[in-house]
Amino acid sequence: MKKVFSRPKSLKNNPFHYCPGCGHSILHRIIGEVIDEMGLQEIAIGVPPAGCAVLAYNYFDIDMGEAPHGRGAAVATGLKRALPNRLVFTYQGDGDIAAIGTAETIHAANRGENITAIFVNNAVYGMTGGQMAPTTLPGQKTTTSPGGRTEVAHGHPMNLSEMLALASGSVYIVRTAVSSTSNILKTKKAVAKAFQVQLSGMGFSLVEVLSPCGTNWKMIPTEACHWIEESMVKCYPLGVIKDITGGRKSAD
Amino acid sequence: MMGYVLAVAGMRDGKNVTYLPAYGAEVRGGTANCTVAIADEEIASPVASSPEFVVVMNKPSLSRFQNVIQSGGGLFINSSMVDTRPVRGDIEIFEVPANDLAKDLGNGRLTNMIMLGAFVRKTGMASLGTTEQAVQEIFEEKGKSIVKQNKRALKAGYDYMG
Amino acid sequence: MRGNHVIGEAAIRAGCHFYAGYPITPQNELTEYMAARLSEVKDGVFIQAESELAAINMVMGASMAGTRAMTSSSGPGISLKQESISFLSAMELPAVIVNISRGGPGLGNIAPSQSDYFQATRGGGHGDYRNIVLAPNSVQELADLTMRAFDLADKYRTPVLILGDGMLGQMMEPVEFLDPKKPGKPVSKEWTLTGANGRPSRIIRSLLLDPTVEEEHNWKLVRKYERIIHKETLVEDFLLGDSTMAVIAFGTAARITKGAILRAREQNIKVGMIRPITLWPFPSKAIQEISKIIKHFLVFELNTGQMIDDVRLSLEGRGEVHFYGRPGGIIPTPLEVSRVIASQYYQKRLG
């Protein structure tokens, strides 16, 4: 019988520990497939964050080095500058990249560091138990905004990707979701393009992925996917935010 | 630069030397300063609370440093810039019109080398020869003309004290 | 050469290919030197980071890649680096961190001080770990110990701190650079992240959720620290032979002490000095040995009394310990210290 579906080579044979319906599992698989299809397993180095996805190194069968919370972009900068012909990507949650690591991320983008950030936006702090994130939506209830996020008390949701698009060194910034089959396929294309941008030496690339966290949103997986498409996209519209790959020559 | 040249000259004379600049919150025209220690023995501290000699290039520096000089020590004053004199009677004072001498040489920026020339002549902390050698070493990368001008200034200060 | 430049040159000669830093006085000349010098080195990388946090994490990334890497700062900036020094220790990554320290706490001032002794020797960051801490006392030692720092960091896969101060960083003295045994040649590193090419993939991490695994990792680090204590402790003794009293001082304070001792000896005061060159590992054994003969110790530091704790712990009561210190960036003269020595000496009737 012909095998039509199997585990990507660059994922280890470990069952994911993530909650049922969690977007990390889908995204791990997407990245694994892209690494396989582009033949990058031997040159890829991943930098996982603090948060649920810190355990990404249990699943990816590539070299991986953990960064302190929020410092992914700085660690990746060091790795990439030391090893310019490897593929270096960070995998960061919204708290990691858009709160504690904002400075590192903005400056890496502005320097045009030739790295890729995979930014998983699920609008809460997942691992610590569902606290308010910089990306939490107005009105959204979390354990630290029990009455719902208000702009007066908690400030506005953070559109980090749009901010990063303003940085002169960023080349490709896109927002996708893993809420439906078609969105998953678009996410895969976006990851592949971001890696391609890096391999061509063009500069900073980032894929923001709206990702369900049914556990902390207190929703079943289908409701969670529905919420992304009904509510999250209003604050975080899907699509390409910046793409100057046509307008900039390769650094090589 | 004056202190640095002196330190390098001391080193070329085979002495132990340290050079410690004041760093941080100093401004041009203010009391930017440095300390040079030259000794036969190991130098315990590059900080001098009571130096043997002080060179002051402007008035604020005179008020700040005139009272730290050891009794019996020497004070070199750039008399073109400083019109007051210390009231202490226990130190020897050497006046050098460095700006005027520099003007005669055609380059107003040579005052520090003029002072240094005067300083080494009176103190014998380094010989003229090694000081010239230090100037050569330090200014070499800036070009022959700079080396020549600075050596001339050094000699002018040296001769002025003669 | 100027102290800060000497550290940079020694680092380059030791094969340092990566530097990330952030401006802070009194270490700026080192950052500037690395900016100029690394541009001349093949594959050299210099990054002026957006913060001290970013700088040390860039160093972490370069270290993961197997590159000899360094960052430098002064007190307040070193505080910011502590999180990652803890991570480097946990992940067993080599790195060289230079602290050209200044008066504190807080913003303090930019004058020379030794107030970061606790921070340096107690780890400074969170968790159960130690750093190697080297304390040079001259521009020459800045050169020698910087080169040694890179070797130690690689040999033990651990961060190494160089604890200097504004005086050492700013002053100029003649210096001769040792020829490194293997200039720029990377040591064999079986753990680096270079891509899983022809070998299984590797992980560098500090998260060990299983307490039994974390405990084993902690004990593994302890065994390493014991090897370091056994093999790498450095101490200088000065004129102890006939002494009835010993001053214990490090770095700049030790340098001043030498001058003070020479003055005191002119008055026939029989005093010598013990100078810890490694602050961690602390030369406890050497001090214990000396305490068999000398019973009176004067600890002199440019702070309000930090190393004195280690001296007391080393002596375990076998000797009388006194303290003299000046905090805040005040540099006492050898004369001042010699007077303190003399007064202790005569009060205790050691003459």
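About the thresholds
- Residues numbered from 1 in each chain as written.
- Chains lettered and ligands numbered in written order.
- Predicted model: local features only at pLDDT ≥ 70, side-chain atom pairs only at ≥ 80, totals over all residues.
- Heavy atoms only, no water.
- Phe/Tyr/Trp six-rings, centres within 6.5 Å; stacked < 30°, edge-to-face > 60°.
- Helix = DSSP H or I, 4+ residues; strand = E, 2+ residues; numbered from the N terminus.
- Buried < 20%, exposed > 50% of the residue type's maximum accessible area, 1.4 Å probe, protein only.
- Contact = heavy atoms within 4.5 Å.
- Buried area = accessible area lost by both parts, 1.4 Å probe.
- Salt bridge = Lys/Arg side-chain N within 4 Å of Asp/Glu carboxyl O.
- Polar contact = N/O pair within 3.5 Å; in protein donor to acceptor, adjacent residues only side chain to side chain.
- Nonpolar A, V, L, I, M, F, W, Y, C, P; charged D, E, K, R; others polar.
- Pairing = 2+ DSSP bridges.
- Right-handed = clockwise from strand over helix to strand, strands pointing away.
- Domains from an automatic or database assignment.
- Axes fitted to C-alpha atoms, helices over the stretch in contact; angles between N-to-C directions.

Some thoughts on the packing of aromatic side chains
Enumeration according to the criterion identifies 16 aromatic pairs over all chains in this entry. Summarising the aromatic geometry, the rings of F60 of chain A and F89 of chain A are spaced 6.3 Å apart at their centres and angled 75° between planes, so their arrangement reads as edge-to-face. Of this pair, F60 of chain A sits in the loop between β1 (44–47) and β2 (63–65) while F89 of chain A sits in strand β3 (residues 87–93), placing them 29 residues apart in sequence. Side by side, F60 of chain A and F89 of chain A carry an identical accessibility label, which is buried. Ring geometry for Y19 of chain C versus F46 of chain C: centroids 5.8 Å apart, planes at 0°, classification stacked. On the criterion of sequence distance, the pair formed by Y19 of chain C in strand β1 (residues 18–21) and F46 of chain C in strand β2 (residues 45–48) is long-range, its members being 27 residues apart. Look at Y19 of chain C and you get buried, because its relative accessible area is 0%.

Quick word on the arrangement of the chains
Contact analysis covers two pairs of chains in contact, and the most contacts occur between chains A and C. Spatially, chain A and chain B are disjoint, and the shortest separation between their C-alpha atoms is 27 Å.

So, the interface of chain A and chain C
Contact with chain A, which involves 33 residues of that partner, is made by 37 residues of chain C. Interface area lost by chain A to chain C is led by E42, D63 and E66 of chain A, which between them contribute 23%. Applying the counting rule to chain A against chain C returns three salt bridges. Between R111 of chain A and E50 of chain C there is a salt bridge; the shortest N-O distance is 2.9 Å. Along the contact surface separating chain A from chain C lie 14 residue pairs in polar contact (both at pLDDT 80 or more). Contributions of two or more residues to the side of chain A that touches chain C are made by β1, β2, α2 (72–82) and α4 (102–111) of chain A. The greatest single-element share of the side of chain A that touches chain C, amounting to seven residues, is contributed by α2 of chain A. A per-class count over the side of chain A that touches chain C returns 16 nonpolar, seven polar and ten charged. Sheet topology places β2 of chain A next to strand β7 (residues 203–204) of chain C; two bridges connect them, and they run parallel.

Some details on the environment of H69 of chain A
Positionally, H69 of chain A belongs in the loop between β2 and α2. Between the alpha carbons of H69 of chain A and P49 of chain A there is a distance of 6.0 Å; along the sequence they are 20 residues apart. Residue contacts for H69 of chain A: discarding those within four places in its chain leaves A50, G95, D96, I100 and Y125 of chain A together with E83 of chain C. Separated by 2.7 Å, the side chains of H69 of chain A and D96 of chain A make a polar contact.

Considering the pairing of strand β7 (residues 170–177) of chain A
Residues and elements named next belong to chain A. Most of β7 is tucked away, with eight of its eight residues classed as buried. Where β7 lies against strand β8 (residues 204–210), seven bridges are found, and the strand directions are parallel. Considered in β8, the bridge of R175 is made with E208. Since β7 and β8 lie parallel, the crossover through helix α7 (residues 181–199) that links them has a hand, and here it is right-handed.

Some words on the domain arrangement of chain C
Accessible area lost on assembly of the parts is the figure often given for the size of an interface. All names here are of chain C. The assigned domain composition of chain C is domain 1 (3–185 + 205–232) and domain 2 (236–347). Summarising the inter-unit geometry, the C-alpha centres of domain 1 and domain 2 are found 27 Å apart. Of the roughly 2500 Å² buried between domain 1 and domain 2 on both sides combined, carbon and sulfur atoms contribute 55%. Counting the surface domain 1 buries against domain 2, the share from its top three residues, Q114, Y117 and N137, is 31%. Counting across the interface, domain 1 meets domain 2 through three salt bridges.

Quick notes on the interface of chain B and chain C
At the interface, 17 residues of chain B touch 20 residues of chain C. Carbon and sulfur atoms make up 70% of the area that chain B and chain C hide from each other, which totals about 1400 Å². Close ionic contact of K258 of chain C with E42 of chain B constitutes a salt bridge, the shortest N to O distance being 3.6 Å. Contributions of two or more residues to the side of chain B that touches chain C are made by α1 (2–12) and β1 (16–21) of chain B. Here the element with the most residues in the side of chain B that touches chain C is β1 of chain B; it accounts for five residues.

As for the sheet that holds β1 of chain C
Residues and elements named next belong to chain C. The strand order across the open sheet formed by seven strands is β2-β1-β3-β4-β6-β5-β11, and the pairing between neighbours is mixed. Both edges of this open sheet fall to β2 and β11 (278–280), since each of them pairs with a single strand only. Strand-to-strand, the axes of this sheet are offset by a mean angle of 20°, without reference to chain direction. For strand β3 (residues 69–73) and strand β4 (residues 95–101), the ladder comprises four bridges, and the chain directions are parallel. Bridge pairing in β4 links T71 to I97.

Here we look at the sheet that holds strand β10 (residues 271–276) of chain C
Residue and element names in this part refer to chain C. Pairing in this open sheet of five strands is mixed, and the strands run β8-β10-β9-β12-β13 from one edge to the other. On the outer flanks of this sheet lie β8 (235–238) and β13 (320–325), each paired with one strand and no other. Direction aside, the axes of adjacent strands within the sheet are offset by 20° on average. As paired elements, strand β9 (residues 245–248) and β10 share four bridges and run parallel to each other. Each bridged residue has a counterpart across the sheet, and for A246 the counterpart in β10 is G272. Relative to β10, helix α9 (residues 251–266) is tilted by about 170°, and along the sheet it contacts β8, β9, β10 and β12 (296–301).

Points about the pattern of salt bridges
Tallying each qualifying case throughout the model produces 42 salt bridges over all chains. One salt bridge in this structure joins R2 of chain C and E29 of chain C, with 3.8 Å as the shortest N-O distance. Of this pair, R2 of chain C sits in the segment before α1 (3–13) while E29 of chain C sits in helix α2 (residues 28–38), placing them 27 residues apart in sequence. Looking at R2 of chain C, the relative accessible area reads 15%, which means it is buried. For the salt bridge of E216 of chain C with R223 of chain C, the shortest nitrogen-to-oxygen distance reads 2.9 Å. Overall, R223 of chain C belongs to the partly exposed group, its relative accessible area being 41%. Here the salt bridges do not stand alone but share partners, grouping E42 of chain B together with E141, E236, K258 and R275 of chain C into one network.

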